[in-house]
Amino acid sequence: MLTSESVKFIRLLTDLTQNELAEKLRVDRSLISRIEAGERTITPALVRQLKEIFYLKGWSESDLSLIYEVIKSRKLKHVTRKEGL
């Protein structure tokens, strides 16, 4: 399951900017920003696209599930590149 928090966290771990991710998804960067801020839901079609992109970066379904659980349990909401990612 991908949440707004997990999308941001995985995007940062895979070293993609919001702009780069938006280009790969062929959407406007503002959509990525709104998803990560929790202002926009992630459609099933977008979930499929995100998984494809993250799989291409080497992330498996089990990796995504593990990351989701870590984020959920630790409530990692404020992850930035300045924090060492």
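Residues numbered from 1 in each chain as written. Predicted model: local features only at pLDDT ≥ 70, side-chain atom pairs only at ≥ 80, totals over all residues. Heavy atoms only, no water.

Here's the deal with the confidence of the model for the protein
Under the convention used in this document: pLDDT measures how confident the predictor is about each residue, on a scale from 0 to 100. Strands are runs of DSSP state E lasting at least two residues, helices are runs of H or I lasting at least four, and both sets are numbered from the N terminus onward.
For the protein, per-residue confidence averages 80 on the pLDDT scale, and 82% of positions sit at 70 or higher. Mean pLDDT values for the elements of the protein range from 75 in helix H5 (residues 61-74) up to 96 in helix H3 (residues 29-36).

Remarks on the pattern of salt bridges
What counts, and what does not: Here, a salt bridge means any Lys or Arg side-chain nitrogen found within 4 Å of an Asp or Glu carboxyl oxygen. Any residue under 20% of the maximum accessible area for its type is buried, any over 50% is exposed, and the rest in between are partly exposed; the area is computed with a 1.4 Å probe on protein chains only.
Throughout the structure, instances matching the rule amount to one salt bridge. Glutamate 36 is the partner of arginine 11 in a salt bridge, and the nearest nitrogen-oxygen pair spans 2.5 Å. Of this pair, arginine 11 sits in helix H1 (residues 4-13) while glutamate 36 sits in helix H3, and the two are 25 residues apart along the sequence. The exposure class assigned to arginine 11 is buried, which follows from its relative accessible area of 6%. Glutamate 36 gets classed as buried once you look at its relative accessible area, which sits at 11%.

Comments concerning unusual backbone geometry
Phi at aspartate 15 takes a positive value of approximately 60°, unusual for a residue other than glycine. Note that aspartate 15 resides in the loop between H1 and helix H2 (18-25). Within the chain, arginine 26 stands out as a residue other than glycine whose phi angle is a positive 60°. Mapped onto the elements, arginine 26 comes out in the loop between H2 and H3.

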